[in-house]
Amino acid sequence: MSELSINTTQNVKINFKAASAGERIGSYFIDFAIKMAYIIVVSGIIFYWAELDRLFGNLDSWSRAAILLFFYFPVIIYSITLESIFEGQTIGKKIVKIKVVKIDGYQAGFGDYLMRWFFRLVDITLFYGIVALITVINSKKGQRLGDMVAGTAVITLKNKINISHTILEEIGEAYVPTYPLVIKLSDNDMRIIKETFQKADIKDDYETIHKLVSKIESVTGIKNQSGNSKDFLRTILKDYNFYTQNM
């Protein structure tokens, strides 16, 4: 299994393991089974229950193709839709515990998923997955052609070290920060804040959470505007990531 080292925008190096060919194949067949189940159900509805096969006999080939495309379009956009919604995962990837990430440390976006989806035609569809299998096995980062073009890789989430062990927080492109004074804190400060908050949150240790909020307010001059200590700490973490990414 290939090692994959990602340098985040906060210059934090995270070591992952690229998903194996077996994991990716397993994910593919789970998704394939879901899509086939959809096709079987929809075909049963439109051809037997709705008896559209009789209507088809009176339509030209273009009209029939348009109707079929309408009903089966969800299968075509299955992977790009779910990867965009679930941030790099389809149902198959969730079950197998693998995920699409950018190799430069940024969150993969719709354009990246679109590029991967487009290259599925070459990687998987035209040559029955042979191209994808060969490139994944021979690539140092376990990438297929679509990954190479999009600058992405598929990692396994079964590692002991993952993104939650760092100061990195996932924020969207439209994120609007609340506390500019958060830049008074250092990477080490944020790492301690995040680790302390995560432990206290799991245990519902409100005393520690309140102390953490008070300490941040006294050091930075920030005042909690949300009225909720947990929401305040989550915002602090995201704001710090926002400002350090754009400095």
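This section reports on the structure supplied with the text. (Residues numbered from 1 in each chain as written. Predicted model: local features only at pLDDT ≥ 70, side-chain atom pairs only at ≥ 80, totals over all residues. Heavy atoms only, no water.)

### Some thoughts on the nonpolar core
Ranked by size, the top nonpolar core spans 18 residues in total, and within it V182, M190, I193, I216, F232, L233 and I236 carry the most contacts. When contributions to this core are tallied by element, the ones reaching two or more residues are α9 (187–203), α10 (206–220) and α11 (229–245). It is α11 that provides the largest number of residues to this core, a total of six residues. Once residues lying within four places of it in the same chain are set aside, the contact partners of I236 are Y179, V182, M190, I216 and I222. I80, I98, V100 and Y113 belong to the second-largest nonpolar core, a separate cluster that totals eight residues. (Core = buried A, V, L, I, M, F, W, Y, C linked by side-chain atoms within 4.5 Å. Buried < 20%, exposed > 50% of the residue type's maximum accessible area, 1.4 Å probe, protein only. Helix = DSSP H or I, 4+ residues; strand = E, 2+ residues; numbered from the N terminus. Contact = heavy atoms within 4.5 Å.)

### Quick notes on α10
For α10, which comprises 15 residues, the first-to-last C-alpha distance of 21 Å matches the rise-based estimate of 21 Å (1.5 Å per residue) to within 8%. By the burial criterion, the buried members of α10 are I209, L212, V213, I216 and T220. Burial along α10 is one-sided: seen end-on, the buried residues are contained in an arc of 100°. The exposed residues of α10 that point more than 90 degrees off its buried face are E207, K211, K215 and S218. Remark: G221 follows α10 within two positions and exhibits a positive phi of approximately 85°. (Expected span 1.5 Å × (residues − 1). Arc of directions from axis to C-beta.)

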